[in-house]
Amino acid sequence: MTLLSVDQVREIVQGSLLANIILGFTLRNRFYTRKQIASVIAVTCGIIIFTLASYNPSAYPKTSDSVRFFSIQPFFTGIFLLTAALLLSAYLGVCQEDMYGTYGKHAKESMFMVHFLSIPAYALLGNEITDAFHATNITPPLSIFGYDLLLPRAWAYILGICVLQYICINNVYRLTALTTSLNVTMVITLRKFLSLFVSFVVFNNSFNILHFVGATFVFLGSLMFSNIV
C-alpha cells in the first residue's frame with residue numbers, strides 16, 4: 001500500500017482550473033466562451049500528461065498499515081482531502097472576486113485575514129512541527145565561502161523559501177484584485193507547470209514523446225486563453 005506520490009498530488013491539483021469554471025457557473029451563473037473552456041481543458045490535460053510521463057512508482061517507498069486513518073487507506077484519505085482542498089480553493093477564488101466587487105480591492109487585508117485565520121489549524125500538527133523544529137536545529141551549519149555560520153543550513157533554506165513564498169503570494173493577491181479568479185487560476189497553474197518543467201530539467205530527467213505532447217497542450221492552451229490564437 002502506498003501513499004499519494006508528489007506526481008499524483010500534482011495531477012489532482014491541476015484540476016483547479018476546471019473546478020473554478022464549474023463553481024463559477026453553478027454558484028454565480030457565469031458563462032465562459034468555448035475558447036476559454038477549450039484552453040482550460042488543454043492546459044489541464046497537458047499538465048496531467050506531462051506529470052504522468054514523469055511518474056516513477058519505484059521512486060516512492062511503501063508505507064505500513066499503521067498510517068491508516070479510521071481504517072481508511074491513506075490513498076483514499078489523500079484523494080478526499082486533496083479534492084476537498086481543490087473545491088474550497090476554487091470557491092475561495094470566487095468569494096474573493098465577489099468581495100472585491102462589494103467592499104473594494106484590498107488585497108493585503110485579504111491576504112492577512114486568510115493566513116491569520118488558518119493559523120489555529122496548525123495546532124493539529126503540533127507534534128510533527130515540534131519534531132521538524134528539532135530536526136532542523138541539528139542540521140549542519142550554513143557554509144558561505146568556506147566559512148561555517150551559526151545558522152543551521154535547514155533554517156537558511158526555510159528562510160529563503162519563506163521570502164520567496166511571500167513574494168509569490170503577495171503578487172497573487174494583488175493579481176486577484178485586478179482580474180477574474182479564472183485568470184488568476186490560469187496564471188498560478190502555468191506557474192506550477194513552469195516549476196515542474198524547471199525541476200524536470202534541473203534533475204536531468206529523460207524527455208520522451210509524452211512530455212512533448214503535454215508541453216504542447218499547455219503551450220497551445222495558454223495561447224488560446226490569451227487570445228493569441
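Residues numbered from 1 in each chain as written. Predicted model: local features only at pLDDT ≥ 70, side-chain atom pairs only at ≥ 80, totals over all residues. Heavy atoms only, no water.

## Looking at the packing of helix α7 (residues 153–176) against helix α8 (residues 181–202)
Argument step 1. Viewed as axis vectors pointing N to C, α7 and α8 meet at an angle of 155 degrees, and their least axial separation amounts to 10 Å. Overall, the two elements α7 and α8 adopt an arrangement that is roughly antiparallel. Contacts from C168, V172, L175 and T176 of α7 reach α8 at V184, V187, I188 and R191.
Argument step 2. Partitioning the contact of α7 with α8 into residue classes produces 6 nonpolar, 1 polar and 1 charged. (Axes fitted to C-alpha atoms, helices over the stretch in contact; angles between N-to-C directions. Helix = DSSP H or I, 4+ residues; strand = E, 2+ residues; numbered from the N terminus. Parallel < 35°, antiparallel > 145°, perpendicular 65-115°, else oblique. Contact = heavy atoms within 4.5 Å. Nonpolar A, V, L, I, M, F, W, Y, C, P; charged D, E, K, R; others polar.)

## Digging into helix α5 (residues 107–118)
Argument step 1. With 12 residues, α5 extends 17 Å from end C-alpha to end C-alpha; this agrees with the ideal 16 Å at 1.5 Å per step.
Argument step 2. Considered for burial, the residues of α5 that qualify are A107, S110 and M111. Viewed along the axis of α5, the buried residues span an arc of 100 degrees, placing them on a single side of the element. Opposite the buried face of α5, at more than 90 degrees from it, the exposed residues are K108, E109 and L117. (Expected span 1.5 Å × (residues − 1). Buried < 20%, exposed > 50% of the residue type's maximum accessible area, 1.4 Å probe, protein only. Arc of directions from axis to C-beta.)

## Quick word on the UniProt feature "transmembrane region" (unreviewed entry) in the protein
Argument step 1. Mapped onto this numbering, the UniProt entry gives "transmembrane region" (unreviewed entry) at residues 37–55, 75–94, 114–134 and 154–172.
Argument step 2. In the segment residues 114–134, helix accounts for 67% and strand for 0%; the C-alpha atoms at its two ends are 28 Å apart.
Argument step 3. Counting secondary structure, residues 154–172 comes out at 100% helix and 0% strand; the distance between its end C-alpha atoms is 26 Å. (UniProt positions renumbered as here; feature names shortened; annotations may be inferred.)

## Quick notes on the pairing of strand β1 (residues 141–144)
Argument step 1. Here β1 pairs with strand β2 (residues 147–152) via 3 bridges, running antiparallel. In the sheet register, P141 faces β2, and the bridge partner there is P152.
Argument step 2. Adjacent in sequence and paired antiparallel, β1 and β2 are bridged by 2 residues, among which F145 carries a positive phi angle near 55 degrees. (Pairing = 2+ DSSP bridges.)

## Quick notes on the layout of surface pockets
Argument step 1. Estimates place the volume of the largest pocket at around 1,400 Å³.
Argument step 2. Taken together, 39 residues line the largest pocket, and the ones lying closest to its centre are S89, I169, V172, I188 and R191.
Argument step 3. Contributing elements (two or more residues each) for the lining of the largest pocket: α2 (16–28), α4 (74–103), α5, α7 and α8.
Argument step 4. The residue inventory of the lining of the largest pocket, partitioned by class, reads 21 nonpolar, 15 polar and 3 charged. (1 Å grid on protein atoms, 1.4 Å probe; cavity = no way out; pocket = protein on both sides within 12 Å on 5 of 7 lines; lining within 4 Å. Points joined across faces, edges and corners; volume = space filled by probe spheres on them.)

## Digging into the packing of aromatic side chains
Argument step 1. As enumerated under the stated definition, the model contains 3 aromatic pairs in all.
Argument step 2. Judged by centre distance (5.6 Å) and plane angle (80 degrees), the ring pair of F25 and F31 falls under edge-to-face.
Argument step 3. With a centroid separation of 5.5 Å and 70 degrees between ring planes, the pair formed by F133 and W155 is classed as edge-to-face. Placement of F133 in helix α6 (residues 126–137) and of W155 in helix α7 is noted, with a sequence separation of 22 residues between them.
Argument step 4. Its relative accessible area of 42% is what places F133 among the partly exposed residues. (Phe/Tyr/Trp six-rings, centres within 6.5 Å; stacked < 30°, edge-to-face > 60°.)

## What about a nonpolar patch on the surface?
Argument step 1. The grouping of F112, M113, F116, L117, I119, Y122, L124, L125 and I129 at the surface amounts to a nonpolar patch, some 970 Å² of accessible area in total.
Argument step 2. Along the chain, M113 turns up in helix α5. (Patch = residues over 30% accessible without salt bridge, like charges linked within 9 Å, V, L, I, M, F, W, Y side chains within 5 Å. Areas by Shrake-Rupley, 256 points an atom, 1.4 Å probe, with all protein chains shown as cover. Salt bridge = Lys/Arg side-chain N within 4 Å of Asp/Glu carboxyl O.)

## Let's talk about the environment of V40
Argument step 1. One can find V40 in helix α3 (residues 34–54).
Argument step 2. A residue is classified by how much of its surface remains accessible, and V40, at 0% relative accessible area, is buried.
Argument step 3. Linking V40 and V218, residues 178 residues apart in sequence, is a C-alpha distance of 9.1 Å.
Argument step 4. Setting aside anything within four residues of it in sequence, one finds V40 in contact with L17, L18, I21, L182, M186 and F225.

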